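# Structural overview for review
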Amino acid sequence: MAGTQVNTAVEETLDPDDWAELRALGHQMVDDLLDYLRTVRERPVWRPIPAELRARFRVPAPRAPEGAERAYHDFREHVLPHPMGNIHPRFWGWVIGTGTPFGALAEMLAAGMNPNMGGGDHLPNQVEAQVLDWCKEMLGYPATASGVLVSGGSMANLVGLAVARHARAGFDVRSKGVRHAAGPLTVYGSSEMHSSVRKAVELLGLGSEALRLVPVTSEFELDLSALERMIAEDRAAGCQPICVVGNAGTVNTGAFDDLGVIAALCQRERLWFHVDGAFGALAALVPEYQGRLAPMAMADSLAFDLHKWMYLPFEAGCTLVRDADTHRRTFSLTPDYLAHAERGLAAGELWFSDYGIQLSRGFRALKVWMSFKEHGLDKYARLIRQNIEQARYLAGLVRNAPDLELMAPVPLNIVCFRYRAAGCDDTTLDALNQELLIQLHEQGIAVPSNALLGGRFALRVAIVNHRSRREDFDLLVGEVRRIGKELRESEK
Ligand SMILES: Cc1ncc(COP(=O)(O)O)c(C=O)c1O
């Protein structure tokens, strides 16, 4: 019937008119990307963005098509040459991973398949479940635990602490809210704890005043007697302690808190034990660290990243929770339109939306799954150990240089040091090292970041980079000494 015929002239799609053309462009994109990754060592780590280039990014959104080729051309010409630098062998800033070529290709496949990982009975959910099982296995966490992949360590801490609040509030915090508590619900962790824990405490409505910062020892590890004292004082003052956060690798220096002692204390005090192992948890792959990290298995929840020390492309973090039921009860909310069915696509036991904040979720599991298969976990263990040995090597170079000073112990993969010169007080050295750090970035040599240790400014090298070689650390030390000397001489 003519009246019911579809008018193809007005029905549009975002698929290409010419698949062959897009295929050719796609091949070009893959070729260019692999060349870009292969040659990354030849380029500066970072370079400043020229003003005229910045201006290009201030124009209104296109209303008319510019086409895929144009879009890719603009990316290749203007975006690609100004990277953050974290894929470079001499990037050691903050704790930012490098990604891998195969991980990038896996991301393309995940985006192409484009499942919504909130729930339902489809194979991609099985992939995520298997990735979670593999993570439990590699970290020695109980196989019965639940878990969820999240965007990163910050979100992993938020999920863990949300379960802690739910489990230890002592009332139905989901319906009553924290205002129902008889006294402030308090959370404990060392003063070296990552800021994302504070963010989580704030978002959970506890208020950052309820986050008790426990002092650290000279090794930057949580002071256990201070922790016990603070909990007792808080209880006496009418507070309700709910959780202790243990660090498996602090952000500033890579220190490990004594997780076994904290676990025992939490059991005695009936507190939730959350471990932030953003990168340090992965050291469990290295036999020498397994003893120290074994008590992670006793944590009620464990947060870690795969985009840091498993070198995967952003974003990939994970929370594991010992008690799967408590985990699910913290988040599960099933309105009619999301009802889980017995059969069909809406069936299946795996609804990851019941274990976290997101409903719609991307297929971040695929790059993890494919990468673990690509290399096998032994290779990752070797790379993690390689980074630890590189940190020790760098610390040795620093110790042997009369004008450099190590600022903290090096228990893992982080080295904090500074340039020093005879006759300079700490304030002058702080300013000199701040300028030195900026020049390392601006000259495209290397990207360390900084740490404030005991109030003093330190250059901080955090090695979660599978491309770094020893010669990169030789170069870093040489350049730090050169720039330091130049700055010192320019002051005279
Ligand atoms: C110890 C620690 N916890 C949490 C985080 C936050 O992780 P993300 O940046 O993946 O959100 C970091 C980041 O460096 C970290 O070092």
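Here the structure is shown first, and the text comes after it.
Procedures and definitions
Residues numbered from 1 in each chain as written. Predicted model: local features only at pLDDT ≥ 70, side-chain atom pairs only at ≥ 80, totals over all residues. Heavy atoms only, no water. Pairing = 2+ DSSP bridges. Helix = DSSP H or I, 4+ residues; strand = E, 2+ residues; numbered from the N terminus. Axes fitted to C-alpha atoms, helices over the stretch in contact; angles between N-to-C directions. Salt bridge = Lys/Arg side-chain N within 4 Å of Asp/Glu carboxyl O. Phe/Tyr/Trp six-rings, centres within 6.5 Å; stacked < 30°, edge-to-face > 60°. Buried < 20%, exposed > 50% of the residue type's maximum accessible area, 1.4 Å probe, protein only. Lys NZ or Arg CZ within 6 Å of the ring centre and 35° of its normal. 1 Å grid on protein atoms, 1.4 Å probe; cavity = no way out; pocket = protein on both sides within 12 Å on 5 of 7 lines; lining within 4 Å. Points joined across faces, edges and corners; volume = space filled by probe spheres on them. Nonpolar A, V, L, I, M, F, W, Y, C, P; charged D, E, K, R; others polar.

Next up on the list: the sheet that holds strand β3 (residues 211-214). The mixed open sheet is built from 7 strands, whose spatial order is β1-β7-β6-β5-β4-β2-β3. If you trace the sheet from one side to the other, it starts and ends with β1 (146-150) and β3, each paired once. Geometrically, the sheet is characterised by an average inter-axis angle of 20 degrees between neighbouring strands, direction not taken into account. Two strands pair when backbone bridges link them, and strand β2 (residues 185-190) and β3 are joined in this way by 4 bridges, in the parallel orientation.

A few words now on the pattern of salt bridges. Within the structure shown, the criterion is met by 30 salt bridges. Asp-234 serves as the salt-bridge partner of Arg-212, at 2.8 Å between the closest nitrogen and oxygen. Of this pair, Arg-212 sits in strand β3 while Asp-234 sits in helix α9 (residues 224-236), and the two are 22 residues apart along the sequence. Its salt-bridge partner being Glu-491, residue Arg-488 comes within 3.4 Å of it at the nearest N-O pair. Here Arg-488 and its partner Glu-491 are both found in helix α16 (residues 470-491), 3 residues apart, which amounts to about one turn of the helix. One continuous salt-bridge network, built from bridges that share partners, spans Glu-405, Arg-418, Arg-420, Asp-426, Asp-430 and Arg-456.

This part covers the packing of aromatic side chains. With the rule as written, the count across this model stands at 8 aromatic pairs. Pairing Trp-134 with Phe-372 gives two aromatic rings, centres 6.1 Å apart and planes at 20 degrees, and the pair type is stacked. Of this pair, Trp-134 sits in helix α5 (residues 123-139) while Phe-372 is found in helix α13 (residues 365-375), placing the two residues 238 residues apart along the sequence. Here Phe-372 falls in the buried class, since its relative accessible area comes to 6%. A network of ring pairs unites the aromatic residues Trp-134, Tyr-311, Phe-372 and Tyr-380 as a single cluster. Here the basic side chain of Lys-373 rests over the ring of Trp-369, its NZ or CZ set 4.6 Å away from the ring centre.

This part covers empty space enclosed by the protein. Overall, the coordinates contain 1 cavity of 30 Å³ or more when judged by the stated rule. What the largest cavity holds in volume is close to 50 Å³. Contributing to the lining of the largest cavity are Val-148, Leu-149, Val-150, Met-155, Val-159, Phe-352, Gly-356, Ile-357, Gln-358 and Arg-361. Sorting the residues of the lining of the largest cavity by element identifies β1 and α6 (153-168) as the ones contributing at least two each. Broken down by element, the lining of the largest cavity gets its largest block of residues, 3 residues, from β1. Here the residues of the lining of the largest cavity sort into 7 nonpolar, 2 polar and 1 charged.

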